[in-house]
Structure formats: C-alpha cells, structure tokens
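Read off the chains here:
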Amino acid sequence: MNQPSLNEYQMRPRYKFSNERTAAELRSSLKQALSSDANWPLQYKDTHGHLIFSYKKKDRHTWSPEMDLNLEERPEGGTLIRVLIGPAAGIWTFFMFLYTICILIAAGSFVLSYSQYVLDKTIWGFWLLPIAVLGAVAVYLAGLYGKSRAIPQMIFLKKFFDAALPKSVLLEGDLRKV
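Every value quoted in this text rests on a predicted model; they were computed, and no experiment measured them.

J.: Quick one: what's the story with the packing of aromatic side chains, residue by residue and with numbers?
T.: Counted by the stated rule, this structure contains nine aromatic pairs. The interplanar angle of 40 degrees and the centroid separation of 6.1 Å between the aromatic rings of Tyr15 and Phe17 together place this pair among those described as tilted. Between Phe53 and Phe160 the ring centres are 5.3 Å apart and the planes differ by 50 degrees, which places this aromatic pair in the tilted class. You can see Phe53 sitting in strand E3 (residues 50-55) and its partner Phe160 sitting in helix H3 (residues 128-164), a full 107 residues away along the chain. Judged on exposure class, the residue Phe53 and its partner Phe160 are both buried. Taken together, the aromatic side chains of Trp63, Phe94, Phe95 and Tyr145 make up a single cluster linked through ring pairs.

This is the structure we're talking about:
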C-alpha cells in the first residue's frame, strides 16, 4: 500500500458528524468498542465533556496523535459530534513555545538593531535575525517529520471512530484528509 503524501493530510483535521443517538448512548458505544476488543491499542480519558482517545504507552511515540471527541445534544434530537485529531497537547504546546521563541528573537533583533542605529553604534543586532529564521525553519521541518510519523496512527484513530459509531453522518470536514 502506498504511503499517503504529506500534502493530503492536515496537521489537525477537524470534523463534524451528526448521529441520531443521544450523547450518553454514543459515549457508551465508544467505551464498549474499546472494552470489547482488547486488540485496540487505544485508551480514553473523559474530561470536561470531552472523550480523548490516545495510544497506550506501549504503542505511543513522541509524535502519536490523539482524537478529541466533543458530544453535544441537539435540541431537535440526536447528537452533534465534533472530532479533532492532532498531536498530544504537550507536543502542540511545545511547538507553539518554540515558534514564540523564534518570533521573540526576531523582534529582539529588530529592536536591538534599531537601538544601535539610533545610538550610532555598530549594528550587529541584525545577525540574530537569521538565527530566528533558521530556528523557525527547523521547527517547521521537525513538525513535518512528526506529521509523517503520525499519519498511520491518525488513519487508525479515524477507523476506530468509524467502527465504533458507524451511523454518523459527516457535516463538515474532508474525509480524504484522514
């Protein structure tokens, strides 16, 4: 089977589904699907109305994605299911932190350079700018590498969702992207 192209997948695909059953029934179906087959390499946490499915420790690596499901009862009946498949919160936060550091170095480079210019000193502050740019490029490339490692597990999470809740109707999202 051909490995999917990176361009075919989003980093954090989002979907909206509709299902005729209640949120409690869907929660029960998802939990039952995990407990009925011990071969699923997944575990779940139920926090603040979200079901977060992640890989068990033995199957998890740094780039392993998580699937976050939010189940909302609809006034007309049924449930709206919001799905987000993406990196673990710790990894996502770490990458945003690294991008923030690169932005701060770039901004600091401009401020320092301008200060040196105004004070009629040697302007060496601009030399920090390439460091910031190279840092941002390195973080981006690391993200692409992580994305390539996560694609098979992202597809598996989507297949688990389809198996556990087969009668869900897609409202938003592109299923070709996982």
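J.: Tell me about the confidence of the model for the chain, and name the residues and values.
T.: Per-residue pLDDT for the chain averages 86, and the proportion of residues at 70 or more is 92%. Counted against residues more than four places away or in other chains, residues 1-7, with its pLDDT under 50, gives ten contacts.

J.: Describe the layout of surface pockets, and please don't skip the residues or the numbers.
T.: Reported here for the second largest pocket is a volume of approximately 190 Å³. Lining the second largest pocket, in full, are Arg14, Tyr15, Lys16, His50, Asp68, Leu69, Asn70, Arg82, Val83, Leu84, Glu172 and Gly173. Secondary structure elements with two or more residues in the lining of the second largest pocket: strand E1 (14-19), strand E4 (65-73) and strand E5 (79-87). Of the residues in the lining of the second largest pocket, the class split is four nonpolar, three polar and five charged.

J.: Could you give an account of the environment of Phe95, naming the residues involved and the relevant values?
T.: Tracing the sequence through the fold places Phe95 in helix H2 (residues 89-118). The sequence separation of Phe95 and Val169 amounts to 74 residues, and the corresponding C-alpha distance is 33 Å. With sequence-adjacent residues up to four places away left out, Phe95 is seen in contact with Trp63, Val139, Ala142 and Gly143.

J.: Now, about the nonpolar core: what can you tell me, with residues and values included?
T.: Counting residues in hydrophobic clusters, the biggest one holds 25 residues, and the most contacted among them are Phe53, Met67, Leu69, Ile81, Val83 and Phe160. Breaking this core down by element, the ones donating at least two residues are E1, helix H1 (23-36), E3, E4, E5 and H3. Ranked by the residues each element gives to this core, the list is headed by H3, at six residues.

J.: Can you break down H1 residue by residue, with the values?
T.: Here H1 contains 14 residues, and its C-alpha end-to-end distance of 20 Å stays within 8% of the 20 Å for a straight helix at 1.5 Å per residue. Along H1, the residues that are buried comprise Ala23, Leu26, Arg27, Ser29, Leu30, Ala33 and Leu34. One side of H1 carries all its buried residues, which in axial view fall inside an arc of 160 degrees. Facing away from the buried side of H1 by over 90 degrees, the exposed positions are Ala24, Gln32, Ser35 and Ser36.

J.: Which residues make up the pattern of salt bridges, and what values do they have?
T.: This model, assessed by the stated rule, comprises seven salt bridges. Between Asp162 and Lys158 there is a salt bridge, and its shortest N-O distance comes to 2.5 Å. One end of the pair, Asp162, and the other, Lys158, are both in helix H3, four residues apart, so they sit about a helical turn from each other. The partly exposed category is assigned to Asp162, whose relative accessible area is 37%. We classify Lys158 as buried; its relative accessible area is 6%. Look at the salt bridges and you will find they share partners, linking Arg27, Lys31 and Asp46 into a network.

Rules used throughout
Residues numbered from 1 in each chain as written. Predicted model: local features only at pLDDT ≥ 70, side-chain atom pairs only at ≥ 80, totals over all residues. Heavy atoms only, no water. Phe/Tyr/Trp six-rings, centres within 6.5 Å; stacked < 30°, edge-to-face > 60°. Helix = DSSP H or I, 4+ residues; strand = E, 2+ residues; numbered from the N terminus. Buried < 20%, exposed > 50% of the residue type's maximum accessible area, 1.4 Å probe, protein only. pLDDT = per-residue confidence, 0-100. Contact = heavy atoms within 4.5 Å. 1 Å grid on protein atoms, 1.4 Å probe; cavity = no way out; pocket = protein on both sides within 12 Å on 5 of 7 lines; lining within 4 Å. Points joined across faces, edges and corners; volume = space filled by probe spheres on them. Nonpolar A, V, L, I, M, F, W, Y, C, P; charged D, E, K, R; others polar. Core = buried A, V, L, I, M, F, W, Y, C linked by side-chain atoms within 4.5 Å. Expected span 1.5 Å × (residues − 1). Arc of directions from axis to C-beta. Salt bridge = Lys/Arg side-chain N within 4 Å of Asp/Glu carboxyl O.

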